[in-house]
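# Chain and residue survey
Now for the letters of each chain:
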Amino acid sequence: MTVTVSRPFKVAIAGAGPSGLLLALLLAKHGIQVVVLEATDKLDEQPRACHYAPSSNIELERAGVLQDIKAGGFSADGVTWRKKDRTPIAEIRNDVMPKDDPLRMVVLPLNQVTEIMYKHLMQKPTAELKWNHKVTGLGQDADKAWVDCETPSGPSRVEADYIVGCDGANSQIRRSLFGDFEFPGWTWEKQIIASNMRYDFHKFGYIDSTFVVDPDDWYMAARITNDGLWRVTYGDTPGLTKEEYMERLPMRYEQMLPGSPKPGDYEVVSASPYKMHQRIAPKLAEGRFCLAADAAHLCNPFGGMGLTGGIADVGGLYECLLGIATGQADPSILEKYDEIRREIYNNMIDPISTGNFKRLWEKDPDETAKTDEFFAMVRKASEDKELAKQMQLGILALRHDMTQYYKTPKA
Ligand SMILES: Cc1cc2nc3c(=O)[nH]c(=O)nc-3n(C[C@H](O)[C@H](O)[C@H](O)COP(=O)(O)OP(=O)(O)OC[C@H]3O[C@@H](n4cnc5c(N)ncnc54)[C@H](O)[C@@H]3O)c2cc1C
């Protein structure tokens, strides 16, 4: 879509996380005035998403950042599921897609991705990012929507034609629209710790991503940079403080990781406990307000359906807002956005992410290895390259072309 919007049309986006920056880039490239309001004074640096699936690559390419992300990142060799004693259960090799295929999964820590998005956004003449603008309230009438922000120089009101909540799991936009505790779904009792660390997993035969299936010592170990940084996400006893989890980290590494390493055998770069939820907001569009990504829905991070689903929301919402801005779509297209994204969450993101996590610990690993249908399919795919490719591209079903609901043909 190369159409440029000539009439005044402004979108305000709460949150300069990956979803907010991506939406801003996609809209600003058409000359739409975009203002991103960020509560803090810098981009988030916590250890989070790192893997970008084929469906995400399409949106990153449309926003003009995929090439930079590929240049900074790498293409992982595949994913294995193993028992704790390292016996392989199933394996997917990524080489069914050539390294230069734009759809092939790319790996780069999220903070480096948002840095790239931010740099690109600052080159767009119609885009603006206001740091230290914490959204605290909102309102709308027939002509416009507004958010009230807390800023170091006092309260400030920002008005726009449409306002999008990309303000993460604790979204103020969602709370203001539906109430502080209206985020239907549930919270996992299990506690995870996401750590970034350096350790030679390859020495133990691990490939770039490994899931360990074990009732107690389940974990994921994935290489996330070219220079050997790994993400190790594991479980620990619920209900402890952050300090207690950090004290227990060396013991948990020694219990779980291959070679039973002791401090000194590895370097911990960062680590943080996370609560996990499966939740979706009551609505993803309400008048001139919309929600996308973590503000709209949450899932556990095993299998990377969180940001992958969020990026697919952003792609759809971009098409809706561009359609409204150009007069090609009625505002009612946002009701369709709500309907479609909810359906995709309920039918794909929620059940697949839940299955990805439970598969690691729910049953005896030998029984899971023998009876799990997903593992059976992965093993079949390791003999059948076409099936393996189809499995990798299955994630494209997270995307939904919203231009089909335009009232006029697409530009
Ligand atoms: C341990 C872990 C590992 C993960 N791994 C993966 C993975 O491998 N693949 C994957 O796809 N996903 C993964 N995820 C999920 C992924 O990181 C999130 O889905 C993603 O960061 C959500 O992006 P977002 O832009 O919606 O929200 P966020 O990244 O949370 O950004 C929200 C932004 O809004 C700002 N903000 C908040 N409140 C306000 C306010 N009131 N006013 C203004 N600004 C505000 C925040 O400061 C922040 O900058 C992982 C998550 C965790 C916890």
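Since we're looking at a predicted model, the values are computed, not measured. (Residues numbered from 1 in each chain as written. Predicted model: local features only at pLDDT ≥ 70, side-chain atom pairs only at ≥ 80, totals over all residues. Heavy atoms only, no water.)

By the assigned domains, the protein chain splits into domain 1 (10-73 + 107-186 + 278-361 + 399-405) and domain 2 (189-275). Relative placement of domain 1 and domain 2: their C-alpha centres are 29 Å apart. Domain 1 puts 17 residues into the contact, and the matching count from domain 2 is 22 residues. Taken over both partners, the interface formed by domain 1 and domain 2 buries close to 1,500 Å², and the fraction arising from carbon and sulfur atoms is 67%. (Domains from an automatic or database assignment. Contact = heavy atoms within 4.5 Å. Buried area = accessible area lost by both parts, 1.4 Å probe.)

Attention now goes to the pairing of strand β16 (residues 230-236). Taking burial as the measure, the 7 residues of β16 include 7 buried ones, the bulk of the element. Alternating positions in β16 separate into two faces, Trp-230, Val-232, Tyr-234 and Asp-236 on one and Arg-231, Thr-233 and Gly-235 on the other, with burial throughout. Bridging between strand β13 (residues 191-198) and β16 involves 7 bridges; their strand directions are antiparallel. The residue of β16 that forms the bridge with Ala-194 is Thr-233. In this sheet, β16 lies alongside strand β15 (residues 219-223) in antiparallel orientation, the contact comprising 5 bridges. Among the inter-strand pairings, Tyr-219 is bridged to a residue of β16, identified as Tyr-234. Counting the residues between successive antiparallel strands, the hairpin from β15 to β16 contains 6 residues, one of them, Gly-228, with a positive phi of roughly 85°. (Buried < 20%, exposed > 50% of the residue type's maximum accessible area, 1.4 Å probe, protein only. Helix = DSSP H or I, 4+ residues; strand = E, 2+ residues; numbered from the N terminus. Pairing = 2+ DSSP bridges.)

For helix α6 (residues 242-256), with 15 residues, the first-to-last C-alpha span of 20 Å sits near the 21 Å given by 1.5 Å per residue. Leu-249 marks the point of greatest bend in α6, at about 45°, and the proline Pro-250 comes within the next four residues. Looking at the buried residues of α6, the elements they touch are β13, β15, β16 and β17 (267-274). (Expected span 1.5 Å × (residues − 1). Bend = angle between axes of the 7 residues up to and from the residue.)

Taken together, the neighbourhood of the ligand is formed by 30 residues, with Ser-19, Glu-38, Arg-48, Asp-294 and Leu-307 sitting nearest. Between the ligand and Ser-19 there is a distance of 2.7 Å, counted from an oxygen atom to a side-chain nitrogen or oxygen. In the model, an oxygen atom of the ligand is placed 3.0 Å from a nitrogen or oxygen of the Thr-308 main chain. For the ligand, whose free accessible area comes to 1,000 Å², the fraction covered by protein is 87%. Only α1 (18-28), β8 (134-140) and α7 (305-325) provide two or more residues apiece to the shell around the ligand. Ranked by residues supplied to the shell around the ligand, first place goes to α7 with 3 residues. (Near = heavy atom within 4 Å. Polar contact = N/O pair within 3.5 Å; in protein donor to acceptor, adjacent residues only side chain to side chain. Areas by Shrake-Rupley, 256 points an atom, 1.4 Å probe, with all protein chains shown as cover.)

Under the criterion given, the structure shown has 23 salt bridges. Note that Lys-144 is salt-bridged to Asp-141, the shortest N-O span being 3.0 Å. For Lys-144, a relative accessible area of 25% translates into the label partly exposed. What makes Asp-141 partly exposed here is its relative accessible area of 33%. A salt bridge links Glu-362 to Lys-358; the nearest nitrogen and oxygen atoms lie 3.9 Å apart. Residue Glu-362 is classed as partly exposed on the basis of its relative accessible area of 47%. Salt bridges sharing common partners tie together Glu-59, Arg-62, Glu-319 and Arg-399. (Salt bridge = Lys/Arg side-chain N within 4 Å of Asp/Glu carboxyl O.)

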